[in-house]
Amino acid sequence: MEEKAATLTGTPPARRASRWRQIALFLAVIGPGIITANVDNDAGGITTYSLAGAQFGTQLLWTLVPITVALIVVQEMAARMGAVTGKGLADLIRENYGVRLTFYLMIALLVANAGNTISEFAGVAASMELFGVEKWVSVPLAALLIWLLVVRGTYRIVERVFLAACVFYFVYPVSAFLAKPPWGQVLRDTLVPSRVRLDVGYVGMLIGLVGTTIAPWMQFYLQSSVVEKGIRRDRYWISRWDVIVGCIVTDVVAFFIIVACAATLFAHGVAIEDAAHAARALEPLAGRYASALFGFGLLNASLFSAAILPLSTVYYVCEAFGWEAGVDKRFADARAFYVIYTAMIVLGAAVVLWPRFPLIRVMFVSQIANGIALPPVLIFMLLLVNRKELMGDQVNGRFFNAVAWLTTVVMIGLTLMLVANGFGLKLGT
Amino acid sequence: MANERVRSEAAEGHVEFLYFSRLLSRTVVDAQGAPIGRLYDLSIALPEPYPSIREVLIRPRGPSDLLLVAQGSQVRSWIEDPISLSVGIRELRPSRRKEKAEILLREALLDKQVVDVSGAKVERVNDLHFLVARGRDLILAHIDVGLRGLVRRLGWEPAVDAVVRLLKPRARYLSEESLIGWKYVVPTLADPAGLRLALSQKSIATLHPADLAEILQDLPADSRRSVFDALELDTAARVLSEFDDPRIQEELLTEPRDPEKAADVLETMPPDAAADVLSELPEEDARDLIDRMQPADAQAVQTLMRHEEDTAGGMMTTEVVTFPATMTVAEAFAQLRRIAPDVEFLYQFYVVDERRRLLGFINMRRLFLAAEDERLGDVMAPWTIRVHSEDPASHVAEIIEKYNQAAVPVVDAEGVLLGMITVDDVLTEVLPLAWKKKLRL
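*Asks:* Is there a simple way to think about the overall build of chain A in this case?
*Replies:* Check the secondary structure of chain A and you find 19 helices and zero strands. Burial analysis of chain A (429 residues in total) assigns 51% to the buried set. Summarising the internal contacts of chain A: among those between residues at least 6 apart in sequence, 83% fall at separations of at least 24.

*Asks:* Even after reading the chapter, I still don't get the packing of helix α13 (residues 271-280) of chain B against helix α15 (residues 295-305) of chain B, so can you show me in this structure?
*Replies:* Residues and elements named next belong to chain B. Running from amino to carboxyl end, α13 crosses α15 at an angle of 65°, the nearest separation of the two axes being 9 Å. In this structure, the crossing between α13 and α15 has a hand that is right-handed. The residues of α15 that touch α13, namely those facing P271, D272, A274, A275, L278 and S279, are D297, A300, V301, L304 and M305. Residue classes in the contact of α13 with α15 are distributed as eight nonpolar, one polar and two charged.

*Asks:* Explain unusual backbone geometry here, please?
*Replies:* Of all residues except glycine, most have a negative phi; of all peptide bonds, most are trans. Residue and element names in this part refer to chain B. Across the junction of D81 and P82, the peptide omega takes the value 0°, indicating a cis bond. Positive phi, normally seen in glycine, also occurs at S25, with a value near 70°. Judged by the 10 C-beta atoms lying within 10 Å of it, S25 is exposed. One non-glycine residue, D111, lies in the positive phi region at around 70°. Mapped onto the elements, D111 comes out in the loop between α3 (105-108) and β10 (113-116).

*Asks:* Just to check I follow, could you spell out helix α5 (residues 64-85) of chain A for this structure?
*Replies:* Its 22 residues place the ends of α5(A) 31 Å apart at the C-alpha level, agreeing with the 32 Å of an ideal helix rising 1.5 Å per residue. Positive backbone phi, approximately 70°, marks G86(A), located one or two places after α5(A).

*Asks:* Just checking my understanding: could you explain the sheet that holds strand β15 (residues 185-187) of chain B for this structure?
*Replies:* Sheet strands line up and pair through hydrogen bonds in the backbone, either parallel or antiparallel. Residue and element names in this part refer to chain B. Ordered by their spatial adjacency, three strands build an open sheet running β11-β10-β15, and the pairing between neighbours is antiparallel. What marks the edges here is a single partner per strand, and that holds for β11 (121-124) and β15. Sheet twist, expressed as the average angle between the axes of neighbouring strands with direction ignored, equals 35°. For β10 and β15, the ladder comprises three bridges, and the chain directions are antiparallel. The residue of β15 that forms the bridge with V115 is V186.

*Asks:* Where do I start with the pairing of strand β4 (residues 53-60) of chain B in this structure?
*Replies:* Successive side chains on a regular strand alternate, one facing one side of the sheet and the next facing the other. Residue and element names in this part refer to chain B. Two strands pair when backbone bridges link them, and strand β3 (residues 35-45) and β4 are joined in this way by seven bridges, in the antiparallel orientation. Bridge pairing links R38 to R59 in β4. Direction of pairing for β4 relative to strand β5 (residues 68-71): antiparallel, over a ladder of four bridges. Each residue of the ladder has a partner; that of L57, found in β5, is V69.

*Asks:* Got a minute to help me understand the confidence of the model for chain A in this structure?
*Replies:* Do not read the predicted coordinates in detail wherever pLDDT is low. Residues and elements named next belong to chain A. Averaged over every residue, the pLDDT of chain A is 80; residues scoring 70 or more account for 89%. α5 holds the highest mean pLDDT among the elements of chain A, 90, whereas helix α1 (residues 2-9) holds the lowest, 33. A low-confidence stretch, residues 1-17 (pLDDT under 50), is modelled with ten contacts involving residues beyond four sequence positions or located in other chains.

*Asks:* Explain the confidence of the model for chain B here, please?
*Replies:* Residue and element names in this part refer to chain B. Taken residue by residue, chain B gives an average pLDDT of 81. The fraction at 70 or more is 88%. Predicted confidence for residues 1-12 stays below pLDDT 50, and this span has seven contacts to residues more than four positions away or in other chains. Ignoring residues within four places in sequence, the model shows residues 432-441, a span with pLDDT below 50, making 20 contacts including any to other chains. If you check the scores for this complex, the pTM reads 0.75 and the ipTM reads 0.72.

*Asks:* I tried to follow the nonpolar core on my own but got confused; where do I start?
*Replies:* The biggest cluster of nonpolar side chains holds 135 residues, and the ones touching the most others in it are F121(A), I257(A), I258(A), A260(A), A278(A) and V314(A). The element contributing the most residues to this core is helix α15 (residues 288-321) of chain A, with 19 residues. V56(B), L105(B), L110(B) and L278(B) belong to the second-largest nonpolar core, a separate cluster that totals 73 residues.

*Asks:* Would you mind showing me how to read the pairing of strand β20 (residues 407-411) of chain B here?
*Replies:* All names here are of chain B. Taken across its five residues, β20 has five buried, putting it largely inside the fold. Taking every second residue as pointing to the same face, both faces of β20 are buried, with A407, P409 and V411 on one and V408 and V410 on the other. When strand β19 (residues 387-388) meets β20, the two strands line up parallel, connected through two bridges. Within β20, the residue paired with H388 across the bridge is V411. The pairing of β20 with strand β21 (residues 417-422) spans five bridges and is classified as antiparallel. Note that in β21 the partner of V408 across the bridge is I421.

*Asks:* What's the story with helix α7 (residues 135-152) of chain A in this structure? I'm lost.
*Replies:* Residues spaced three or four apart along an α-helix point in a common direction, a consequence of the helix completing one turn every 3.6 residues. Residue and element names in this part refer to chain A. A rise of 1.5 Å per residue sets the reference length of α7, with its 18 residues, at 26 Å; its end C-alpha atoms lie 25 Å apart and thus fit the reference within 8%. Burial in α7 covers these residues: S138, V139, A142, A143, I146 and V150. Looking straight down α7, one finds that the buried residues subtend no more than 125° of arc, so they occupy a single side. Across α7 from its buried face, at more than 90 degrees, point the exposed residues W136, V137, L144, L148 and R152.

*Asks:* Sorry, what's going on with the packing of helix α4 (residues 43-56) of chain A against helix α11 (residues 200-213) of chain A here?
*Replies:* All names here are of chain A. Where α4 contacts α11, the two axes come as close as 10 Å, and the packing angle between them is 150°. In terms of orientation, α4 and α11 fall into the roughly antiparallel class. When you trace α4 past α11, the crossing you get is left-handed. Of the residues in α11, those touching α4 at G44, G45, T48, L51, A52, Q55 and F56 are Y202, M205, G208, L209 and T212. Here the residues of the contact of α4 with α11 are counted per class, giving six nonpolar, six polar and no charged.

*Asks:* How should I be thinking about the environment of C318(A) in this particular structure?
*Replies:* All names here are of chain A. With respect to the helices and strands, the residue C318 is situated in helix α15. Overall, C318 belongs to the buried group, with 22 C-beta atoms counted inside 10 Å. Residues C318 and D91 lie 227 residues apart in sequence; the distance between their C-alpha atoms is 9.6 Å.

*Asks:* Would you explain the environment of V385(A) in this entry?
*Replies:* Residues and elements named next belong to chain A. Here V385 shows up in helix α17 (residues 359-385). In this structure V385 comes out as buried when scored by C-beta crowding, with 23 C-beta atoms within 10 Å. Separated by 336 residues in sequence, V385 and Y49 have C-alpha atoms that sit 32 Å apart. Ignoring anything within four residues of it in the chain, the contact list for V385 reads M77, R80, M81, M391, V395 and N396.

*Asks:* Would you mind showing me how to read the sheet that holds β20(B) here?
*Replies:* Ordered in space as β19-β20-β21 (chain B), the three strands form an open sheet in which the pairing is mixed. Strands at the two margins of the open sheet, each flanked by one partner only, are β19 and β21 of chain B.

Procedures and definitions
- Residues numbered from 1 in each chain as written.
- Chains lettered and ligands numbered in written order.
- Predicted model: local features only at pLDDT ≥ 70, side-chain atom pairs only at ≥ 80, totals over all residues.
- Helix = DSSP H or I, 4+ residues; strand = E, 2+ residues; numbered from the N terminus.
- Buried ≥ 20, exposed ≤ 12 C-beta atoms within 10 Å, placed from the backbone.
- Contact = placed C-beta atoms within 7 Å.
- Axes fitted to C-alpha atoms, helices over the stretch in contact; angles between N-to-C directions.
- Left-handed = near helix turned anticlockwise from the far one by under 90°.
- Nonpolar A, V, L, I, M, F, W, Y, C, P; charged D, E, K, R; others polar.
- Expected span 1.5 Å × (residues − 1).
- Pairing = 2+ DSSP bridges.
- pLDDT = per-residue confidence, 0-100.
- Core = buried A, V, L, I, M, F, W, Y, C linked by C-beta atoms within 7 Å.
- Arc of directions from axis to C-beta.
- Parallel < 35°, antiparallel > 145°, perpendicular 65-115°, else oblique.

Shown next as structure tokens:
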């Protein structure tokens, strides 16, 4: 691994061709990590970050550093398992822990992701309304666009469109700079946890931030796309950078969303309910452009995630049960694949258009399902990644294992609190 | 339906079928009826076409990981619950490492991916289907890859069956079993020696190389490697040129493996196919493999690799049959018979002078219709259909289409014959790449 890295940086003139090859190799391997991490900043994520900034200003910025570390630790394991075993996570769980556990896990994930997809379409509706487009127009159009892209397009085109979508996240840093935040305090609050409180609101928001960042579906999606790109042991070092850069970029975007909302909404005491609301509230405080950019970012994130989430879900469900899957398969050969995929998109779009649909309650169920699925997924991952017969010498090191288990335990603790919190809220209303 | 039949036959006391899911975790008792533990796994001997159970692994109660082994022949009856042995608990040994020539069904098959040779597909095993002869012999008959097998494993079969029967009594779910005969099943074992054994008696060689390539593409990298390595040289060579995705060719040739064997596979391929594969590899790997090939094959491949990929020179094969103009038809037939086993394309031959300049060509049909004592110079087609090595692929396609030929000769500026391009290589070049390159997520 070191040797390869050396040829990438050191450039003896005779090996120019080899250096170009290395760069081509790099471009061929990157994608899965960056895409997965960016989908993570979906409509739900942006809403959570906006709320965190609006309600607590810069006070919660410090959490982003440990969250990034945890995200990298978990995602790196998924990518490594994909590169070493050549199998997806659902595949490995089925082969090692049997069909029964896999089945119930898949049901939980299906419910969780159906809920997530609904929230992406809600994000599309809300952000397009900012630009004066009725949801009756925007949501069916978005659903059709996403469906066509995947069913009619090739994976190469799909991945390119997705990578391009990642670029549009730069609108958030721009929004944040337009909001003119107090940078000194922003920096201080990022590096040093201060004014940590233990009241329900603060802890609840902290759990929300963690929960929105590390979701079960990501591990499946990342591992499968590493496998499908044909990334193997000898090129895994590139994939690792893909994952690390992706995770950092994701949390940098989160950082700027919080900063933008902290400098404006929090500073002026404006209460918001969701991300679209935040975009609207930004207008008198940070100007028309900041507001429009914020709204555009939300639209981009929602569309992007609405395309990836159903796709990744249907891939790993089919993988677990041995059904044919793939956008290049004919409908007759991959019936389950197309039916589930189409159903998730139609459901997601229809629910948002249904006037009196209990959206909040559905989101609540989806959040609980996510929470229930996460602990077993993380534990399975750790058990699998430490199996010598699967991973050979690529099992976790002792230090990495300690960090990974710590992350897992904290994640599980927080997620259980999130679930309990959800039930609490439910009972309260 | 199969179940009804099974039941009626069982009533007559002949045969009965049993699912693995029904056996797993069943209590096993010894000759005195004292419980030993639960059935954990079964093993079969690999190269047998209709394998009966060799060993029974039993997990005794309690927390220990120890497994006890009974011989398949020591089972008194498979049908009864609990399963009773004909020996006492003291006669059982703890399990040791398994032998190469056997596989554990739960460990190596259940929930794993296998290759179904009859359907040319990769499937996931939901359950195993046994035939019970005389109540005592348990023989692995089928694997179950269907939805019903899945439902059975989840323990919901009675409930789901009842619901389906109520809603749609003639549902395919109830009548059609998705069983694949064991003789068509190739397990994708990680252990290459075991896999070679498993392959030895399967009809994997009856698959078309293109189907085999598609199957390999669907397998995870490790299984792909072990199946590929277990193939015979000839089959491996054909399969290798069928992959749409150069990454897979690279993986199969350059991953840590015996480079001599990789070179052997390349030698077995037609030179143009070998050159195509090699030109997709990283330069150092390609050079290393060429160095290990037989000098003659290596030279042919290197000549081809010097040409641009989408020109006539890059598409051609150097494997051509040439005759002098003075040879008689009878002599030509004698020579053809001799070289036929080593030549891929036998429909068009070229007549050249002593400096290998192209004089004309003869199609097989023309050769058949000629008299035995005619000279080839008089038999050959008088017109000169040919392309130059620098001509673009589109020009080659036009020529082949215009003159309705199965192949076209390639010459250099002096008219010296370099090779030929067959119609299948033109098709690969000119068909839109979109359908080939559609990658799955």
